Each structure stands twice: as C-alpha cells, then as structure tokens.
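These are the residues of each chain, in order.
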Amino acid sequence: MTAEFTRRNLFKIGGLAAAGLGGAALLGACSPTGSAAAGSASSDTPTAATGTTTVAGHVREGLPSFLAAPEPITDIAETKDYDVVVVGAGASGVPAAITAREAGATVALIQKESTAISQGNTATGILLDTSDPAGVEAVVSRLIKDHQYRGKREQVELWAKNSGECITWLLDLATAQGAQISDSTMKWTAAIKEVNGYPMDYLSIDFGPKPYNTGNGMQVLAEYAASQGVEVFYDTEAKQLVGDASGVTGVIAETADGNVQFNAAKGVILATGDYQNDDDMMAYYLPDLQNLGRKQMNKTGDGHKMAVWAGGAIEDITHTKMLHDFDGGPGSMADMPFLAVKNDGTRFCDETLGMSLMNNFLRSEADQGDYNQIFDSNYMTAAAEWPGKLFDPEAIKVYMPEEDGEKTGVFKDQIATFKADTLEELAEKLGITDAAAFVESVKRYNECVAAGKDLDFGKEAKWLTAIDTPPFYGIHRHVRVSAVVSGVNVGPNMEVLAVETNEPIPGLFAIGNTAGNFYGGVDYSMYMPGLSLGRAHTQGYVTGKYVASL
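Because the structure is a prediction, the values reported are computed rather than measured.

**Quick notes on the overall build of the protein chain**
Tallying secondary structure elements over the protein chain gives 14 helices and 21 strands in all. Counting all 550 residues of the protein chain, 53% fall into the buried class. Summarising the internal contacts of the protein chain: among those between residues at least 6 apart in sequence, 72% fall at separations of at least 24. Carbon and sulfur atoms form 50% of the exposed surface of the protein chain, whose accessible area is close to 22,800 Å².

**Concerning the confidence of the model for the protein chain**
Do not read the predicted coordinates in detail wherever pLDDT is low. Per-residue confidence for the protein chain gives a mean pLDDT of 91; residues scoring 70 or more make up 89%. Taken as a whole, residues 1-50 scores under 50 in pLDDT and shows 54 contacts with residues more than four places along the chain or in a different chain.

**Overview of the sheet that holds strand 5 (residues 122-126)**
As summarised here, the arrangement of the three strands in space is 5-9-6, forming an open sheet in which the pairing is antiparallel. Each edge of the sheet is formed by a strand with only one pairing partner; in this case those strands are strand 5 and strand 6 (181-183). Across the sheet, the mean angle from the axis of one strand to that of its neighbour is 20°, orientation sign disregarded. The pairing of strand 5 with strand 9 (residues 202-207) spans five bridges and is antiparallel. Among the inter-strand pairings, Ile126 is bridged to a residue of strand 9, identified as Tyr202.

**Quick notes on the side chain of Asn121**
With respect to the element layout, Asn121 can be found in the loop between strand 4 (107-110) and strand 5. The exposure class assigned to Asn121 is buried, which follows from its relative accessible area of 14%. One polar contact links the side chain of Asn121 to the main-chain carbonyl oxygen of Tyr212, over a distance of 3.1 Å. Other than its neighbours up to four places away in sequence, Asn121 contacts Ile205, Asp206, Phe207, Gly208, Lys210, Tyr212, Asn213, Thr214 and Leu533.

**Description of the sheet that holds strand 17 (residues 417-420)**
Taking strand neighbours across the sheet as the criterion, the four strands line up as 15-16-18-17 in an open arrangement whose pairing is antiparallel. A strand with exactly one partner marks an edge of an open sheet, and here the two such strands are strand 15 (339-341) and strand 17. In this sheet, adjacent strand axes meet at a mean angle of 25° when their direction is disregarded. The sheet contacts of helix 12 (residues 423-430) involve strand 16 (370-375), strand 17 and strand 18 (472-478), and relative to strand 17 the element is tilted by about 155°.

**Points about the packing of aromatic side chains**
With the rule as written, the count across this model stands at 20 aromatic pairs. Ring geometry for Phe66 and Tyr284: centres 5.8 Å apart, planes at 80°, overall edge-to-face. Pair noted here: Phe66 is in the loop between strand 2 (60-61) and strand 3 (78-87) and Tyr284 is in helix 9 (residues 279-285), with a separation of 218 residues, a long-range link. According to the relative accessible area criterion, Phe66 is buried, its value standing at 5%. Here Tyr284 falls in the buried class, since its relative accessible area comes to 15%. Ring pairs connect the aromatic residues Phe338, Phe375, Tyr379, Trp386, Trp463 and Tyr473, which therefore count as one cluster.

**Focus on unusual backbone geometry**
Negative phi is the rule for most residues except glycine; trans is the rule for most peptide bonds. Residues Lys210 and Pro211 are joined by a peptide bond in cis, for which omega reads 10°. A cis amide bond, omega 0°, links Pro470 with the succeeding residue Pro471. As for its placement among the helices and strands, Pro471 is situated in the loop between helix 13 (435-451) and strand 18. One non-glycine residue, Gln368, adopts positive backbone phi at about 50°. When its relative accessible area of 36% is taken as the criterion, Gln368 is described as partly exposed.

**Considerations on helix 14 (residues 531-549)**
Look at helix 14: 27 Å from first C-alpha to last across 19 residues, which is about the 27 Å you get at 1.5 Å a residue. Counting buried residues along helix 14, 16 of its 19 residues qualify, which places the element largely inside the surrounding structure.

**Focus: the packing of helix 5 (residues 133-146) against helix 6 (residues 153-176)**
Between helix 5 and helix 6, the shortest axis-to-axis distance is 10 Å and the interhelical angle comes to 135°. The orientation of helix 5 with respect to helix 6, classified from their angle, is oblique. Relative to helix 6, helix 5 is oriented so that their crossing is right-handed. Contacts between helix 5 and helix 6 involve Val136, Glu137, Val139, Val140, Ser141, Leu143 and Ile144 on the former and, on the latter, Arg153, Val156, Glu157, Trp159, Ala160 and Lys161. Classifying every residue of the contact of helix 5 with helix 6 by side-chain character gives eight nonpolar, one polar and four charged.

**Focus: the pattern of salt bridges**
According to the stated counting rule, one finds 24 salt bridges in the structure shown. The partner of Asp278 in a salt bridge is Lys305, and the shortest N-O contact between them spans 2.6 Å. Pair noted here: Asp278 is in the loop between strand 13 (258-270) and helix 9 and Lys305 is in helix 10 (residues 302-309), with a separation of 27 residues, a long-range link. Judged by its relative accessible area of 12%, Asp278 is buried. Across the pair Arg444 and Asp456 runs a salt bridge, and its minimum N-O distance is 2.9 Å. Taken as a pair, Arg444 in helix 13 and Asp456 in the loop between helix 13 and strand 18 lie far apart in primary sequence, 12 residues in all. On the accessibility criterion, Asp456 (37% relative accessible area) is partly exposed. In this structure, a network of salt bridges that share partners links the residues Glu137, Arg153, Glu157 and Lys161.

**Notes on helix 5**
Compared with an ideal rise of 1.5 Å per residue, which puts 14 residues at 20 Å, helix 5 spans 20 Å between its outermost C-alpha atoms and is within 8% of the ideal. At its buried positions, helix 5 is contacted by strand 5, helix 6, strand 7 (194-195), strand 8 (198-199), strand 9 and helix 14. Put simply, Asp132 is the residue that caps the front of helix 5, since its side-chain oxygen is 2.8 Å from the backbone nitrogen of Ala134. Of the residues flanking the end of helix 5, it is Gln148, one or two places downstream, whose phi is positive at about 60°.

Conventions adopted
Residues numbered from 1 in each chain as written. Predicted model: local features only at pLDDT ≥ 70, side-chain atom pairs only at ≥ 80, totals over all residues. Heavy atoms only, no water. Helix = DSSP H or I, 4+ residues; strand = E, 2+ residues; numbered from the N terminus. Buried < 20%, exposed > 50% of the residue type's maximum accessible area, 1.4 Å probe, protein only. Contact = heavy atoms within 4.5 Å. Areas by Shrake-Rupley, 256 points an atom, 1.4 Å probe, with all protein chains shown as cover. pLDDT = per-residue confidence, 0-100. Pairing = 2+ DSSP bridges. Axes fitted to C-alpha atoms, helices over the stretch in contact; angles between N-to-C directions. Polar contact = N/O pair within 3.5 Å; in protein donor to acceptor, adjacent residues only side chain to side chain. Phe/Tyr/Trp six-rings, centres within 6.5 Å; stacked < 30°, edge-to-face > 60°. Expected span 1.5 Å × (residues − 1). Parallel < 35°, antiparallel > 145°, perpendicular 65-115°, else oblique. Left-handed = near helix turned anticlockwise from the far one by under 90°. Nonpolar A, V, L, I, M, F, W, Y, C, P; charged D, E, K, R; others polar. Salt bridge = Lys/Arg side-chain N within 4 Å of Asp/Glu carboxyl O.

Take a look at the structure:
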C-alpha cells in the first residue's frame, strides 16, 4: 500500500463504502498477517478488515457492514416513472413532496412504515420582514458557535433565510387541513427577541398538545398531499438507489408484491431520518451512547447507507446527539438549575448547564441517563426570577402519576414528578437507591446555600435555593436519544456530495436528519427552540421546489 493511498483514501469512509467488499479485501491485504504485529499487546489483534477489537475501548469489527454496498437488486416486479421521488414521509419528506407537487412535478412519496412518522412538537422560523438582517446573521453565527464551528454556514443560512416563509406556509396549510396546531411564538422565543443588539422576530408552531405531535400533523398533510396528486406508497421500504456517483435516476423499494423501481427524472430526495436504531452505526459513530436508551423506533439510517453506497460520504465524526426528557416533568422547568442528583443520591454537576447536556454525566451502565431535579414547597418564590416557566403546585399535578385528575397535554407513561413530606419518602418514590446518600446531598447543598457559595461545583450563588420546607418535590428525568442530527455531506441545494470529488451527485438529494453539515458539535444546542423540526420542514419545503424546477 502506498502512502498516497493511505492518506487520501483509507480514511474516506464513503470511498471505502463505494468500493464495497473489495475495499475491505484491500484493507485486509495491507494488514499484519498470522501472529500479532510487533509491539501489540495480544495475539488476538485483528487485521484492519476482519475480527473484533476493543483496543482503546472502541469496539470495531473490520469494515463496518453498513458501509459495504450490497449486490445490485435485479429482480424488479414493476417500474414506475415520476419527476421526483421522496423517500421518507416525515417532517422533511412530507413538505418536500407537497412543494414539489405544487411546483408542477409528478411525485412519489414512499414510506417503509404504514403511516407518516415524525416526533416532537415545536418548529421555529425567522420572519425576515420584521427582523434586522444583521440579527439574522448573528443568529446563524451563534448556532455555528454553539456547535463548535463545524457546521456549514450555507446550511444554517438556508434555514435562517427560508424558515419564516416555510413555517408560515406550514401553519396555514396544517390549520386549513384540520391538524392540531398553534402559534407558540411567545412561549419559545421571548428570550431571543434581541440578538447582539439587533431586533429579531420569529414564528414558532406546535403540533399538539401532547400526546398529539408532529407525526400526527404529517399524517394529516400526507393525506392532503395525496389529494393533490402525490402518489403515496406506505409499507414500501427503499433498499437501493439506481445509479452511482455519476448520477442517480431512481430508487428500488421492497413491497409485499415484490421489488418496485421508482424512476425519478429530476431527482431522488432522501428524507429517511436518523440512524439511532442501527446498533452498528451507533457503535461506530457514537460509541459513548451505548448505555443510553433510544426514544424512536425503526430509525435505521436507510438514507445514509444508500447515499454512501451510491458514492456519497457521511459527515466526519463527531456526530451531534440530542438527548432530552421534556416529559418527566414540565419541559419549561427542565433547564432550571434546581439541585440535581443521580439515582444513587449523589450530586454530580453545576446544574446551570441544562438538561440537554446532562447526558454527558450519565453515560455509564449504572446511570443510563437517569437523574432527579429536587426542590421544596417554596419553589414558586425561590425560582420566580429564573428563566423558564414555573408550573405552580396545582398545574404541576398533571405530571404527577400519584395525583388524581385528567392527564391532558402529557404522555401518561412518561410523567415522573413526585412530592413527599420527608426526603426519605421522596427518595423512595423517585427510585433513588441510596436514601442516606440523598439526604446527605440535600444537607450539603443547604450548607452551600447558607454559606452563599457552592463549595462543590461553583454554581453562582443566585441559583442556590434551600431545600428545607416540606413537601419536597422531585422530577425524575430520563434522558434518551431523541435524534442523531448528523448525516451525509450535502451542497448548498441539499445535493449529496460525492466522496471522491466533493461535487454533487446528479439526481440525489438529502434533507432532514439524513443530511449533514448543519450542526457538527457534540450536543444539540437548545439556544433556538424548535430548530430541529424547523430545519427539517424548511429543507423539505425548499428542496421539493428546487428539484421540481430542474
């Protein structure tokens, strides 16, 4: 193996994927054979292409199977012809299908599930007409900063400069079609109405209240799409693209009646969501999440894989993870800096970091994303000036499984807020395994409050509030993977980029969580509420129109 190949090709994961098993064989030929290489710690050291290793704590088994292209599918039962084929009926795919159809294209929307699927409730856009242009750019810069400067500005700007139009369109359309949707702008964006001194204006929408969510809204809009001439195919699982890096002309999908080839004269748009339920992909890109649960089902990176097999590339590690729990207690209180303890009763951080970053302290097999927010009956006064919205003792009962009354606006199987007259009783209700350690943690915290100094984690004194007046409250939060928001490399018009040339693959596009280059940091930033769905809707809205215009 030459140095030229090693440096330019070995670490181009998409390139290896395009080479398929041949790439794996080439790697194997370059590896030590027989006994372990000189200096290795074990005779079990694998070759680069085969065998399992946990060297340095990373589990790897040669070339990951998901990167190796399968044999071409040749058994085609039926062929169908369209201008645009959208793969995935979710938050990005449904808007893409509708706008492509509105632009005059013939459109197929194929979905491996039996209905449209999406998660979450809130989507946000920027209203350009009433926002300062400098403020728009400041928001873009802030989001890039929050993700460690690894995202592409062109991707963030695509959202920033089209999202207001998109979310307005979506609100009007969903309302007209009878979906449960509301304007929730003031609830979510009041704190960011000015950015770097520039006035900003937004539109936030919520599909809800829970348990109704964006998935329910997309089901309504998928029915509308069908009424407008989009041909929707459920229980139709995309398996392979037709074409390669020189051009993609369709997609082959498996149905109950055999394989169907959907030809696309203008383009295939991949909108298949993330890969959180593919264990091999998670182990490869996000091995630190092995002990943390997944909130979604059947999100297996189908679009990522198909794009790579056709010559595209998945964006560089690290991938951006989103781990939340807005359901154990009020979501508006999730970031409030109440005392936080693990399930063993111990305090573990400066609580001002917020819920979206808690996962970084809770990755062990023992923790598995569980922690508890603790406060007492004076919380309405003690936290009155804190950012966020407090739920008073009556309103918070909807999150308390032990309280009577109708549980509206929540997922009943996920609520986990409790109160008790003693700390020991509260520990039992929360499932804390060491009540004595918990009581000691509260005692120590109260000592810090009395001293006016957080002597353990240095939290600002203004966030220290005593926990000494019963009843005591606890919210059990269980952060799990809501989404992995990293995908394949894309260009300014959401074209999938070829790994070898970094040029667009003709006829192939990716949107939503199948697309990369928007985030790039370790954790999803909560600076802009509703950004994930706002980005997905906007990319679909823009890309559907664009591909139809080709």
